[in-house]
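Reading the structure
Spelled out from the first residue to the last, the chains are:
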Amino acid sequence: MAVGRFSQALLVLFCHVLYSSSSFQPALVLDMAKILLDNYCFPENLVGMQEAIQQAINSGEILKISDRKTLASVLTAGVQGALNDPRLTVSFEPNFVPVMPPALPSLPTEQLIRLVRNSVKLEFLENNVGYLRIDRIIGEETAAKLGPLLRENIWTKVTHASSLIFDLRYSTAGELSGVPFIISYFSDPEPLIHIDTVFDRPSNTTKELWTMSSIMGERYGKRKDLIVLTSKRTMGAAEAIAYTLKHLNRAIIVGERSAGGSVKVQKIRIGDSGFYITVPVARSVNPITGQSWEVSGVSPSVNINAKEAVANAKNLLAVRSAIPNAVQSVSDIIRQYYSFTDRVPAILQHLESTDFFSVISEEDLANKINNELQSVSEDPRLMIKLTQDHPVIIEEDFEPENIPNDPAFLRNLVDTVFKVRILTGNTGYLRFDRFGDVSMMAKLGEQIAQKIWEPLKDTENLIIDLRYNTGGSSASMGLLLSFLQDPSQQFHFFTIYDRIQNTTTEFNTLSGLPGPPYGSKRGVYILTSYYTAGAGEEFAYLMQSLHRGTLIGEITSGTLMHSKSFQVEDTDIVITVPFINIIDNNGECWLGGGVVPDAIVLAEEAVDHTHEIIESGMKLVAFEEFYQNPCASFCMRNVQINPLVHIS
């Protein structure tokens, strides 16, 4: 038989702790080994132990330890270290007298009733929140004996609670056979659920624990909220209940990590000596996790001091009670305003079927709903956030501005809003910091023609500076795009769908422009910065999708436009819903986010960089024209001159 991890460690240990004297018999160690082999609940970890111990006994490397309690401590450290199990302990107790407490079912009924009443407390808190404290988990036989009492005084009453706080902070004793009933009480009759597997080493038997199809009284069920409170004192069967409910996603655990007890531990005398070894003789394996609450305990979902657990549970239940209304409110807002109407049914169905079991705070709820919306809609504009301030409802409204018809005023307004210059190389420059309303642009048509397009009509290239443009009316983009296309050809630019108005508007090349068009032949360069937002971003995006302009500068701000924000009912959660879709001429919807320029440079360097690009393009065109000339090509071949050397 191979020597395993345990046997190797034990060999080293015993070579140093066994002593050779008349007061010690090597049989002590052999007897301890036999106890472990026959009783330890992890027999697979004991492979090679007997051989290792025999080698240790036969070894000459031994120390004399005359104090038996010291020897017990050394043996404890050795066996715990070898098996990595802190429950294994060796003690020297020559006067130990085992005391076996009477089994509960054998006690008189009156005594059982008194015991149960002293270990169970039930009351109802505000908002019909039930509070059930159990300090001892009674077994199957005892429960059957006290059935009517338990049904009338506990389970029937708890059934009427809207939600329940199940307090196991002081539960330090109990029987594992009572676990299936309690788990069944918080689940449905069908299907049955495999909740635990218990292996007993002395009998070498395995028992599976399942929920029960029939129990005394009504069930609390699996739909109402359940919070289980634990403390570092919670032990044994109570840990099994908390662990199972947690991993069935049936209860939220609040409090401290539990003690990490055992299914069954026995204190066994080693031979005829005064030494005893405490051994876990049974083990639990959860079918969901493949692990157990033993030793490591049950870790809470909300880790908090046990004394504060009840108050925290009340607050948590208040949050959870708001979930149905919050989800309904979100669904109603999406149904009424969301611009992708074809996606609404799938979103609402998904929200209705979403499991919010893990939600323990408003922040969790906001994140959960947001993640669910994103996964179904694939629309970053539709989002949920948590805010402590009640937001102002954002409603974009581009009503026509009251502008007088005074020509002098209109000329001054155009001069103020639009900056027009002719730069080096006959490059036109146009800056405006906001897209005006369509009605306003129509009223300014004559002034725009005189002040903007007349000066720019003969330039070689055009720079449109949107570095400081923060938005405005998306509808007015069609006018500017029309100036940048050939008026003799009809061209589709984009489409706007308005969910609130339920209208679809197509924007094509406009005829009868108030001024000379710039056309589609000359180069257009769009300058952007981090401050470029809203309609400014949309225009930059459309110029890219139309392949009509080169974007130069910084990635735009990614500001969300055409949206409304609403407070979700009775929470600090805010939902932002896009109610307008901008659809380009390829049928793609603009979903916001920063627009990435073709040439990324610092915003303040964008104009200079544009000149460099224009100059490089002119040199390249000149070179191509020169190279395509037969005479020039012949001359270049004969004199063997690299043309790029002369075009720097």
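All figures in this text were calculated on a predicted structure; none of them were measured in a lab. Within any chain, residue numbers begin from 1 and follow the written order of that chain's sequence. Where totals are concerned, whole chains, interfaces and linings use all residues; where local detail is concerned, this predicted model gives features only for residues with pLDDT of at least 70, and gives and counts side-chain atom pairs only at 80 or more. Only hydrogens and water are removed before side-chain values are computed, so all heavy atoms of the structure are retained for them.

**Points about the overall build of the protein**
For clarity, the threshold we go by: Only runs of H or I of at least four residues qualify as helices and only runs of E of at least two qualify as strands under DSSP, and these elements are numbered from the N terminus. Throughout this description, buried means an accessible area under 20% of the type-specific maximum (1.4 Å probe, protein chains only), exposed means over 50%, and partly exposed covers the range between. Residue contacts follow a heavy-atom distance rule, with two residues in contact if any of their heavy atoms lie within 4.5 Å. Only the protein chains shown count as cover for residues, and all accessible areas are computed by the Shrake-Rupley method using a 1.4 Å probe.
For the protein, the helix and strand inventory stands at 20 helices and 25 strands. Out of the 648 residues belonging to the protein, those deemed buried represent 49%. The long-range share in the protein, meaning contacts at least 24 apart out of those at least 6 apart in sequence, stands at 76%. Counting only carbon and sulfur atoms, one obtains 51% of the accessible surface of the protein, whose full area is about 31,600 Å².

**Things to note about the pairing of strand β19 (residues 503-508)**
This is how it is decided: We call two strands paired when DSSP finds no fewer than two bridges between them.
In this sheet, β19 lies alongside strand β18 (residues 492-498) in antiparallel orientation, the contact comprising 6 bridges. For Phe494, the partnering residue across the bridge sits in β19 and is Phe507. Where β18 folds back onto β19 in an antiparallel hairpin, the turn is made up of 4 residues, including Asn502, whose phi is positive at roughly 55°.

**Observations concerning the packing of aromatic side chains**
In plain terms, the rule: The rule is short: rings of Phe, Tyr and Trp, with Trp giving its six-membered ring, pair when the centres are within 6.5 Å, and they are stacked under 30 degrees, edge-to-face over 60, tilted in between. Lysine and arginine charges are scored as sitting over a ring when NZ or CZ, respectively, is within 6 Å of the ring centre and within 35 degrees of the ring normal.
Applying the stated criterion across every chain, the model contains 19 aromatic pairs. Taking 5.9 Å as the distance between ring centres and 70° as the angle between the ring planes, the aromatic pair formed by Tyr338 and Phe340 counts as edge-to-face. Summarising the burial analysis for this pair, Tyr338 and Phe340 share the class buried. Feature note: the residues Trp155, Phe166, Phe181, Tyr185, Phe186 and Tyr220 constitute an aromatic cluster, connected by ring pairs. The cationic tip of Lys267 hangs over the ring face of Phe96; the distance from NZ or CZ to the ring centre is 4.2 Å. Across from the ring centre of Tyr429, 4.6 Å away, lies the NZ or CZ of Arg421, which sits over that ring.

**Some remarks on the sheet that holds strand β16 (residues 427-432)**
Applicable threshold: To obtain each axis, a line is fitted to C-alpha atoms, and for helices this fit is confined to the stretch in contact; angles are then taken between N-to-C directions over 0 to 180 degrees.
Ordered in space as β15-β16-β17-β20-β21-β25, the 6 strands form an open sheet in which the pairing is mixed. Single-partner strands in this sheet number two, and they are β15 (418-423) and β25 (599-600). Pairing analysis gives 5 bridges linking β16 to strand β17 (residues 461-465), with the strands arranged parallel. Bridging from a neighbouring strand, Thr427 pairs with Asn461 of β17. Against the sheet, helix α16 (residues 445-456) makes contact with β15, β16 and β17, and its axis sits at roughly 20° relative to β15, the strand it touches most. Across the sheet, helix α18 (residues 535-545) is in contact with β17, β20 (523-528) and β21 (550-553); its angle to β20 comes to roughly 145°.

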